[in-house]
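# Coordinate analysis (summary)
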Amino acid sequence: MSDSKPGIERRKFLRLMGCSAVLIPAVMLPDQPARAQGKASKEAVQYQDTPKDGQKCKDCQFWTDPNGCQVVEGEISPEGWCSLYVKKAS
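Residues numbered from 1 in each chain as written. Predicted model: local features only at pLDDT ≥ 70, side-chain atom pairs only at ≥ 80, totals over all residues. Heavy atoms only, no water.

### Remarks on the nonpolar core
- Core analysis: the biggest nonpolar cluster contains 12 residues, these being V45, Y47, C57, C60, F62, W63, C69, V72, I76, W81, C82 and Y85.
- Among residues more than four places away in sequence, those in contact with C69 are K39, F62, T64 and I76. (Core = buried A, V, L, I, M, F, W, Y, C linked by side-chain atoms within 4.5 Å. Buried < 20%, exposed > 50% of the residue type's maximum accessible area, 1.4 Å probe, protein only. Contact = heavy atoms within 4.5 Å.)

### Section: the confidence of the model for the protein
- Counting all residues, the mean pLDDT for the protein is 81, and 67% of those residues have values of 70 or more.
- Across the protein, the secondary-structure element scoring lowest on mean pLDDT is helix α2 (residues 31–36), at 49, and the one scoring highest is strand β1 (residues 63–64), at 96. (pLDDT = per-residue confidence, 0-100. Helix = DSSP H or I, 4+ residues; strand = E, 2+ residues; numbered from the N terminus.)

### Focus: the environment of Q61
- Tracing the sequence through the fold places Q61 in the loop between α2 and β1.
- Judged by its relative accessible area of 41%, Q61 falls in the partly exposed class.
- Put simply, Q61 and Y85 are 24 residues apart on the chain and 7.7 Å apart in space, counted from C-alpha to C-alpha.

### Quick look at the pattern of salt bridges
- Summed over the entire model, instances satisfying the criterion amount to 2 salt bridges.
- Between E79 and K56 there is a salt bridge, with its nearest N and O atoms 3.2 Å apart. With E79 in the segment after β2 (68–69) and K56 in the loop between α2 and β1, this residue pair connects regions lying 23 residues apart in the sequence.
- Exposure remark for E79: the relative accessible area of 30% places this residue in the partly exposed category.
- Classification of K56 by relative accessible area gives partly exposed; the value is 24%.
- For E79, the salt bridge goes to K58, with nearest N and O atoms at 3.3 Å. Linking E79 in the segment after β2 with K58 in the loop between α2 and β1, this pair joins segments that are 21 residues apart in sequence.
- In this structure, a network of salt bridges that share partners links the residues K56, K58 and E79. (Salt bridge = Lys/Arg side-chain N within 4 Å of Asp/Glu carboxyl O.)

Here it is as structure tokens:
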């Protein structure tokens, strides 16, 4: 009879663990850019609920009906303004 024990060999186990150490971070990488693309806070973009120099959120290219913005978090007033304002193309 043989004295070998059932189960995985040490070398095979170490090889698998080495591959896992490389693959796990690689699988997690695609998720990182998605988190980096979060919306800006109202404070960071100097948001205000009133227009500034005739510029209003509802006239901005980032405006989304009924009260949102593609780049600023939270509820946004159509009559508001922030430093990221870009007039919609006609």
